[in-house]
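Residues per chain are reported as follows:
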Amino acid sequence: MNTPNRTIHVLVVDDDPSFTELLATMLERENNRFEVHSATTVKEGFDTLESVRIDCVVSDYGLAKTDGLTFLETIRSEYGEIPFVLLTGEGDEEVASEAISAGVTDYIRKQQGTDQYSLLASRLTDAVEKRWARKALERRKRELEQLNERFQSFVRHSPDIIVVLSDMGTVQY
(Lines give C-alpha, C1' and ligand atoms only; values in the text may rest on other atoms or scores of the structure.)
Protein backbone atom coordinates (compact mmCIF):
# COMPACT_ATOMS: atom_id res chain seq x y z
CA MET A 1 0.00 0.00 0.00
CA ASN A 2 1.42 3.34 -1.04
CA THR A 3 0.62 5.93 1.66
CA PRO A 4 2.99 8.91 1.26
CA ASN A 5 0.14 11.36 0.54
CA ARG A 6 -2.63 9.76 2.59
CA THR A 7 -4.09 12.07 5.22
CA ILE A 8 -3.46 11.05 8.82
CA HIS A 9 -6.40 11.90 11.09
CA VAL A 10 -5.14 12.68 14.60
CA LEU A 11 -7.39 13.08 17.62
CA VAL A 12 -5.90 15.28 20.36
CA VAL A 13 -7.61 15.12 23.77
CA ASP A 14 -6.52 17.57 26.46
CA ASP A 15 -8.69 19.56 28.87
CA ASP A 16 -6.65 22.71 28.13
CA PRO A 17 -8.19 24.23 24.97
CA SER A 18 -5.20 26.52 24.35
CA PHE A 19 -2.86 23.52 24.41
CA THR A 20 -5.03 21.46 22.03
CA GLU A 21 -5.11 24.42 19.64
CA LEU A 22 -1.34 24.89 19.87
CA LEU A 23 -0.70 21.16 19.43
CA ALA A 24 -3.01 20.99 16.40
CA THR A 25 -1.26 23.95 14.79
CA MET A 26 2.23 22.58 15.48
CA LEU A 27 1.46 19.04 14.29
CA GLU A 28 -0.12 20.30 11.06
CA ARG A 29 2.91 22.54 10.56
CA GLU A 30 5.29 19.59 11.16
CA ASN A 31 3.50 17.28 8.73
CA ASN A 32 1.04 18.55 6.13
CA ARG A 33 -0.53 15.07 5.99
CA PHE A 34 -1.98 15.57 9.49
CA GLU A 35 -5.56 16.63 9.95
CA VAL A 36 -5.96 17.25 13.67
CA HIS A 37 -9.28 16.94 15.47
CA SER A 38 -9.32 18.42 18.98
CA ALA A 39 -11.38 17.54 22.03
CA THR A 40 -11.27 18.96 25.53
CA THR A 41 -13.26 16.14 27.15
CA VAL A 42 -13.31 12.38 26.83
CA LYS A 43 -16.95 12.60 25.68
CA GLU A 44 -15.93 14.96 22.85
CA GLY A 45 -13.14 12.54 22.01
CA PHE A 46 -15.56 9.62 21.70
CA ASP A 47 -17.96 11.76 19.66
CA THR A 48 -15.10 12.44 17.24
CA LEU A 49 -14.12 8.75 17.13
CA GLU A 50 -17.72 7.92 16.19
CA SER A 51 -17.92 10.50 13.42
CA VAL A 52 -14.40 10.55 11.90
CA ARG A 53 -12.06 7.73 10.89
CA ILE A 54 -9.27 8.52 13.36
CA ASP A 55 -5.82 7.03 12.66
CA CYS A 56 -4.21 7.86 16.03
CA VAL A 57 -4.94 9.47 19.37
CA VAL A 58 -2.81 11.82 21.46
CA SER A 59 -4.10 12.25 25.00
CA ASP A 60 -3.05 14.01 28.14
CA TYR A 61 -2.75 11.84 31.24
CA GLY A 62 -4.68 14.14 33.57
CA LEU A 63 -8.15 14.60 32.11
CA ALA A 64 -11.24 15.91 33.89
CA LYS A 65 -13.13 13.07 35.63
CA THR A 66 -10.72 10.40 34.34
CA ASP A 67 -7.17 9.82 33.16
CA GLY A 68 -5.56 9.07 29.84
CA LEU A 69 -5.03 5.38 30.66
CA THR A 70 -8.73 4.80 31.38
CA PHE A 71 -9.46 6.60 28.10
CA LEU A 72 -6.97 4.27 26.36
CA GLU A 73 -8.61 1.19 27.86
CA THR A 74 -12.03 2.22 26.58
CA ILE A 75 -10.67 3.08 23.13
CA ARG A 76 -8.94 -0.31 22.87
CA SER A 77 -12.13 -2.15 23.85
CA GLU A 78 -14.30 -0.22 21.38
CA TYR A 79 -11.95 0.69 18.49
CA GLY A 80 -9.10 -1.81 18.59
CA GLU A 81 -5.43 -1.06 18.18
CA ILE A 82 -5.49 2.61 17.19
CA PRO A 83 -2.04 4.07 17.93
CA PHE A 84 -2.32 5.96 21.22
CA VAL A 85 0.31 8.40 22.51
CA LEU A 86 0.18 9.65 26.07
CA LEU A 87 1.53 13.20 26.11
CA THR A 88 1.69 14.46 29.66
CA GLY A 89 3.20 17.12 31.84
CA GLU A 90 2.47 15.42 35.15
CA GLY A 91 3.96 11.99 34.60
CA ASP A 92 6.75 10.30 36.47
CA GLU A 93 8.42 6.90 36.19
CA GLU A 94 5.42 5.21 37.81
CA VAL A 95 3.00 6.75 35.29
CA ALA A 96 5.34 5.86 32.42
CA SER A 97 5.54 2.26 33.60
CA GLU A 98 1.78 2.07 34.03
CA ALA A 99 1.27 3.56 30.56
CA ILE A 100 3.60 1.07 28.91
CA SER A 101 1.90 -1.81 30.76
CA ALA A 102 -1.49 -0.51 29.60
CA GLY A 103 -0.32 -0.67 25.97
CA VAL A 104 0.27 2.92 24.93
CA THR A 105 2.04 3.20 21.60
CA ASP A 106 4.29 5.88 23.02
CA TYR A 107 4.76 8.06 26.10
CA ILE A 108 6.08 11.60 25.72
CA ARG A 109 6.52 14.25 28.40
CA LYS A 110 5.34 17.78 27.62
CA GLN A 111 8.29 20.13 27.41
CA GLN A 112 9.04 23.73 26.64
CA GLY A 113 10.11 24.50 23.10
CA THR A 114 9.23 23.10 19.72
CA ASP A 115 11.38 19.95 19.61
CA GLN A 116 8.61 17.88 21.21
CA TYR A 117 6.31 18.59 18.25
CA SER A 118 8.82 17.23 15.72
CA LEU A 119 9.33 14.15 17.87
CA LEU A 120 5.59 13.63 18.32
CA ALA A 121 4.86 14.13 14.61
CA SER A 122 7.55 11.62 13.67
CA ARG A 123 6.35 9.01 16.14
CA LEU A 124 2.71 9.45 15.11
CA THR A 125 3.58 9.08 11.43
CA ASP A 126 5.65 5.94 12.12
CA ALA A 127 2.95 4.36 14.30
CA VAL A 128 0.16 5.03 11.80
CA GLU A 129 2.16 3.83 8.80
CA LYS A 130 3.14 0.64 10.65
CA ARG A 131 -0.53 0.02 11.45
CA TRP A 132 -1.54 0.63 7.84
CA ALA A 133 1.20 -1.72 6.60
CA ARG A 134 0.17 -4.39 9.12
CA LYS A 135 -3.48 -4.10 8.04
CA ALA A 136 -2.50 -4.25 4.34
CA LEU A 137 -0.41 -7.35 5.02
CA GLU A 138 -3.30 -8.98 6.91
CA ARG A 139 -5.67 -8.17 4.00
CA ARG A 140 -3.20 -9.61 1.48
CA LYS A 141 -2.77 -12.74 3.60
CA ARG A 142 -6.56 -13.25 3.72
CA GLU A 143 -6.77 -12.75 -0.06
CA LEU A 144 -4.03 -15.34 -0.63
CA GLU A 145 -5.75 -17.80 1.71
CA GLN A 146 -9.01 -17.36 -0.20
CA LEU A 147 -7.22 -17.80 -3.51
CA ASN A 148 -5.53 -20.96 -2.21
CA GLU A 149 -8.88 -22.33 -1.00
CA ARG A 150 -10.43 -21.70 -4.43
CA PHE A 151 -7.46 -23.36 -6.14
CA GLN A 152 -7.65 -26.38 -3.82
CA SER A 153 -11.38 -26.68 -4.46
CA PHE A 154 -10.81 -26.44 -8.20
CA VAL A 155 -8.18 -29.19 -8.09
CA ARG A 156 -10.32 -31.48 -5.91
CA HIS A 157 -13.47 -31.07 -7.98
CA SER A 158 -12.04 -30.92 -11.48
CA PRO A 159 -13.02 -33.79 -13.80
CA ASP A 160 -9.68 -33.32 -15.55
CA ILE A 161 -6.33 -34.75 -14.50
CA ILE A 162 -4.32 -32.05 -12.81
CA VAL A 163 -0.69 -32.47 -11.86
CA VAL A 164 0.98 -30.03 -9.48
CA LEU A 165 4.78 -30.02 -9.63
CA SER A 166 7.22 -28.74 -7.04
CA ASP A 167 9.97 -26.28 -7.92
CA MET A 168 12.24 -29.32 -8.40
CA GLY A 169 9.85 -30.87 -10.93
CA THR A 170 8.56 -33.66 -8.70
CA VAL A 171 4.86 -34.41 -8.48
CA GLN A 172 3.29 -32.85 -5.40
CA TYR A 173 -0.32 -33.63 -6.20
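Residues numbered from 1 in each chain as written. Predicted model: local features only at pLDDT ≥ 70, side-chain atom pairs only at ≥ 80, totals over all residues. Heavy atoms only, no water.

### Describing unusual backbone geometry
At step 1: Phi angles above zero are rare outside glycine, and Lys65 is one such case at about 70°.
At step 2: Turning to its location among the elements, Lys65 is positioned in the loop between β4 (62-63) and β5 (66-67).
At step 3: Take Lys65: its relative accessible area is 90%, and that puts it in the exposed class. (Helix = DSSP H or I, 4+ residues; strand = E, 2+ residues; numbered from the N terminus. Buried < 20%, exposed > 50% of the residue type's maximum accessible area, 1.4 Å probe, protein only.)

### Section: the sheet that holds strand β6 (residues 84-88)
At step 1: Read from one edge of the open sheet, 5 strands run β2-β1-β3-β6-β7, paired in parallel fashion. A single partner strand is all that each edge strand has here, and the edge strands are β2 (34-39) and β7 (106-109). Taken over all neighbouring pairs, the strand axes of this sheet differ in orientation by 20° on average, direction set aside.
At step 2: Bridge analysis of strand β3 (residues 56-59) against β6 gives 3 bridges, and the strand direction is parallel. Looking at β6, one finds that Ser59 is bridged to Leu86. (Pairing = 2+ DSSP bridges. Axes fitted to C-alpha atoms, helices over the stretch in contact; angles between N-to-C directions.)

### Section: the confidence of the model for the protein chain
At step 1: Of the residues in the protein chain, 96% reach a pLDDT of 70 or more, and the chain-wide mean stands at 88.
At step 2: Mean pLDDT across the elements of the protein chain ranges from a minimum in helix α4 (residues 93-102), with 80, to a maximum in strand β1 (residues 8-13), with 96. (pLDDT = per-residue confidence, 0-100.)

### Considering the environment of Leu147
At step 1: Mapping Leu147 onto the fold places it in helix α5 (residues 115-157).
At step 2: Considering only alpha carbons, one finds Leu147 and Ser18, 129 residues apart in sequence, at a separation of 52 Å.

### Brief notes about the environment of Asp55
At step 1: Checked against the element boundaries, Asp55 lands in the loop between α2 (42-51) and β3.
At step 2: Distance from Asp55 to Val13, taken between C-alpha atoms, is 14 Å for residues 42 residues apart in sequence.
At step 3: With near-sequence residues (within four places) excluded, Asp55 lies in contact with Thr7, Ile8, His9, Ile82, Pro83, Val128, Arg131 and Trp132.
At step 4: At a separation of 2.8 Å, a polar atom in the side chain of Asp55 contacts the main-chain amide nitrogen of His9.
At step 5: Within the local environment of Asp55, its side chain forms a polar contact with the side chain of Arg53, the two groups lying 2.4 Å apart. (Contact = heavy atoms within 4.5 Å. Polar contact = N/O pair within 3.5 Å; in protein donor to acceptor, adjacent residues only side chain to side chain.)

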